[in-house]
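Residue-level listing of the chains:
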Number of protein chains: 2
Amino acid sequence: MDSFSCSNGLQLDFNPLDSEELREQAHVVVDFIADYYREVEKYPVRSQMEPNYLLNKLPENALDLPESLETILEDVKRYIIPGLTHWQSPNFFAYYPASSSTAGFLGEMLCTAFNVVGFSWITSPAATELEFVVTDWLGRMLSLPKSFSFSGTGGGVIHGSASEAVLCALTHSALEKAAGHLPGKPPVLLTSAASDFALSPGAFDTALVADVAAGLTPFFLCATVGTTSSAAVDPLEELGHVANKYRVWVHVDAAYAGNAGICPEFRHYLNGVELADSFSMSPHKWLLTYMDCCCTWVRDNGVVDYKDWQIALNRRFRAIRLWLVLRRHGAVRLQSHIRSDVALARRFEMLVLGDIRFEVVAKRMFSLVCFRLVSGGSELNATLLEAVNATGHAYMSHTVIGEVYVLRFVVGGAFTQERHVDEAWKLIQEEADALLI
Amino acid sequence: MDSFSCSNGLQLDFNPLDSEELREQAHVVVDFIADYYREVEKYPVRSQMEPNYLLNKLPENALDLPESLETILEDVKRYIIPGLTHWQSPNFFAYYPASSSTAGFLGEMLCTAFNVVGFSWITSPAATELEFVVTDWLGRMLSLPKSFSFSGTGGGVIHGSASEAVLCALTHSALEKAAGHLPGKPPVLLTSAASDFALSPGAFDTALVADVAAGLTPFFLCATVGTTSSAAVDPLEELGHVANKYRVWVHVDAAYAGNAGICPEFRHYLNGVELADSFSMSPHKWLLTYMDCCCTWVRDNGVVDYKDWQIALNRRFRAIRLWLVLRRHGAVRLQSHIRSDVALARRFEMLVLGDIRFEVVAKRMFSLVCFRLVSGGSELNATLLEAVNATGHAYMSHTVIGEVYVLRFVVGGAFTQERHVDEAWKLIQEEADALLI
């Protein structure tokens, strides 16, 4: 090998992945992370930093020379952690959860370590086949129709996100039917409180009739189980019957709420999925697997190389992470996790209902409560939200449902217990007291 | 919290992310991984398994009850590792590398641990701002024009893959120009040996003239620095001048070879990038950062929320991984890594040139050598490739350049040293001996 000199005597024919150096330094980082989890409750949930806080602190250019791990970890403590909004805090109740667990962490370590690019079977047979195995396992836990499994005519794939899943389903459909809709925005059918903000099969049918009359070819419906705003559930069965009449491809996006389908008492929300062509849900949202793990099933496979089921050519070995989660917890513990979160959300709903200054705005679905102060409209509610979030003791987000500004309280963190929900509610009441004087 | 019973007495109100359990088990997995890296050279590089090997070994359904980490790791050894094609083996010379390092591994651990969803600034300010910082650092290391940096008018983003980068650039361009090309396949201009398989600016100009004459609006060019087949480099400067005449958006995909741009002696391949609108390269291919880390720069920013720069709403904190790599190695060691790999490829090229039975088919570019047996055509060369790969001692891939079947030998693994290249060549010669008797 050519050797290279460096004026300061720095060793340049280094081994960037020496196994003993990895062993030593990874142990240091494990302890750093375990300490972070132990302490995470103490940090402000929503970062209290101002824009450009970090840009002003880090050097403008990379250094030419190596720095020590200790220096870098010191900077993580000093500069990065204060700039995090802590999604793993037990007091994080915003958006939907970014779910995590020790099993998921260990699975991700293995995925990273092997760093195989599983775009085709031969580039690492285990990566492809384990993905067959775990998507079949999870499909069975969700009681998906057998046609969605590899032991049937279909099968599952792990995408990075629900958006990628929709895009892939759309592309599949679009290519097949050579429709003239694209590019441009897909038509949106509005929902209302009358249907709990779910899509109306009648309105869908009417829209299809109008499309056909206008000479268009409708080809794709994205139905949702658990919308982003209010976790509303579209009636899959009725929509499916309408769609099938017109041979429209039905994709069901159940990113968050689909996870609940592993519990028999929530499975009925997925009824009608047997009329769909594809279905996706994200274990990274509620099944303790860390980002990016969105499982997507189709009824009809026909290919074996996963590169043809996704956008990118590269592919991480995400299946091993999901495999660890399913094995370390087993179905019963995962069900218990879902049920516990739903019970905590129900508890929060009860607390809200017990205070006449507040109202619950949409039917509570799964572990999401949409609520607000009855008086004061958007402005006062937004002020209350900011007051709560600015304390750093809890973090919620908001949405607008049927033109009404509402606060969203979602339970789903691995560390969240009853006391965190109770304390968050107490905090909300106190901030409301201060505003309503 | 509601409590749940389980007939076998399993504890159900568990903490899936207990920090002490994580500490204990992550240490076990660190040792498992360090052992894997120490042993990786001993495994067959290309998995020697047959299709369905794993499907036949794992249970058809997930278990209801938890299993121990020890049991699972035992299964990783027994079932997963034999089914891996080991991209981290020092004898992996196929495709392009999936580059890794201790620094990248530690960065990924932190990314996973924080598990923040950085789709907007407030969801974790550090995630957004550190991405500003590291893409500016790397852009400067590549001597990109200042207009591609946040300190200029543009900025960088980390995508999961080069495909996502192209898709985002294309969408940006398509939306702006409302072109009528989509959906459908983009036109492909053929290259030839005469231009070292690079795109000809003359042919491009002619195609644009024809498009306009046909009433079409050309709007997008994807130029490549380091093609998948032969690492050919399109002449960015000439293509840029033609494209700018027609106001065509130019995206430069330099996924693999762009990494070499951090070395002054290779920077000239990027000359003309100042005429492009967007540029992407993947540190996960050659800068030791593990998958999925594709940096993309645009000349014109205007938004701060990274969700608008990508397909998915979710976002991993990939910037912290790249940050660790840049800091732990510094520019000089990363340059040294690139130079060392190129020197090893040059050495391999010399070995090939010294054996009259072989020829080098395309100009060696960066760390890729395209070569073949002179006699016997595709069939004999394919037989040779399979003979080499079937030994498990080295793994190469193939491509077809100008209708000629060739073998590809790429250097890029963190563990690869001179002796691995020499032994691979010896093996190739031995297998050739056996075939050519």
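This one's a predicted model, so the numbers in the text were calculated from it and none came from an experiment.

Engineer: Just to check I follow, could you spell out the sheet that holds strand β2 (residues 220-224) of chain A for this structure?
Structural biologist: Paired through backbone hydrogen bonds, the strands of a sheet run either parallel or antiparallel to each other. Residue and element names in this part refer to chain A. In space, the five strands of this open sheet follow the order β1-β5-β4-β3-β2, with mixed pairing throughout. Taken across any chain shown, the strands that pair with only one partner, and hence form the sheet edges, are β1 (155-159) and β2. Strand after strand, the sheet turns through a mean of 20 degrees between neighbouring axes, direction not considered. Relative to strand β5 (residues 294-298), β1 is paired through five bridges, and the arrangement is antiparallel. Within β5, the residue paired with I158 across the bridge is C295.

Engineer: Where do I start with the packing of aromatic side chains in this structure?
Structural biologist: Given two aromatic rings, their pairing is described by the distance between the two centres and the angle made by the two planes. Residue and element names in this part refer to chain A. A complete count under the given rule lists 53 aromatic pairs over all chains for this structure. Relative to F409, the ring of F348 lies with its centre 3.6 Å away and its plane at 0 degrees, an arrangement referred to as stacked. With F348 in helix α9 (residues 318-353) and F409 in strand β9 (residues 404-410), the pair connects residues that are 61 residues apart, well separated along the chain. On the basis of relative accessibility, which here comes to 0%, the residue F348 falls in the buried class. Classification of F409 as buried rests on a relative accessible area of 0%. The positively charged end of R299 is found above the aromatic ring belonging to F148, 5.3 Å away from the centroid. Over the ring of Y96 we find R408, and its NZ or CZ is 4.8 Å from the ring centre.

Engineer: Looking at this structure, how should I read the relation of the copies chain A and chain B?
Structural biologist: Here the two chain copies are tied together by a rotation about an axis and a shift along that axis. Its rotation angle being 180 degrees, the transformation that places chain A on chain B also includes 0.0 Å of axial translation and leaves an RMSD of 0.0 Å. In symmetry terms, the pair is related by a two-fold rotation axis. Every residue of chain A has its C-alpha some distance from the rotation axis, and the shortest such distance is that of H27 of chain A, at 3.1 Å. Comparing interface residues between copies, 100% of those in chain A also sit at the interface in chain B, which points to an isologous, same-surface contact.

Engineer: Explain helix α2 (residues 69-80) of chain B here, please?
Structural biologist: Helical geometry note: an α-helix holds 3.6 residues per turn, so side chains three or four residues apart project in the same direction. For α2 of chain B, every residue scored as buried is listed here: L69, I72, L73, D75, V76, Y79 and I80 of chain B. One side of α2 of chain B holds all its buried residues, which, seen down the axis, span an arc of 155 degrees. Those residues of α2 of chain B that are buried lie in contact with α3 (102-114), α4 (125-141) and α9 of chain A together with α1 (19-39) of chain B.

Engineer: Explain the environment of D64 of chain B here, please?
Structural biologist: The residue D64 of chain B is located in the loop between α1 and α2 in this model. In this structure D64 of chain B comes out as partly exposed when scored by relative accessible area, which is 48%. Taking the C-alpha atoms as reference points, D64 of chain B and M365 of chain B, separated by 301 residues in sequence, lie 53 Å from one another. Not counting residues within four places of it along the chain, the set of residues in contact with D64 of chain B comprises H329, G330, A331 and V332 of chain A.

Cut-offs and rules
- Residues numbered from 1 in each chain as written.
- Chains lettered and ligands numbered in written order.
- Predicted model: local features only at pLDDT ≥ 70, side-chain atom pairs only at ≥ 80, totals over all residues.
- Heavy atoms only, no water.
- Pairing = 2+ DSSP bridges.
- Helix = DSSP H or I, 4+ residues; strand = E, 2+ residues; numbered from the N terminus.
- Axes fitted to C-alpha atoms, helices over the stretch in contact; angles between N-to-C directions.
- Phe/Tyr/Trp six-rings, centres within 6.5 Å; stacked < 30°, edge-to-face > 60°.
- Buried < 20%, exposed > 50% of the residue type's maximum accessible area, 1.4 Å probe, protein only.
- Lys NZ or Arg CZ within 6 Å of the ring centre and 35° of its normal.
- Least-squares fit on C-alpha atoms with pLDDT ≥ 70 in both.
- Contact = heavy atoms within 4.5 Å.
- Arc of directions from axis to C-beta.

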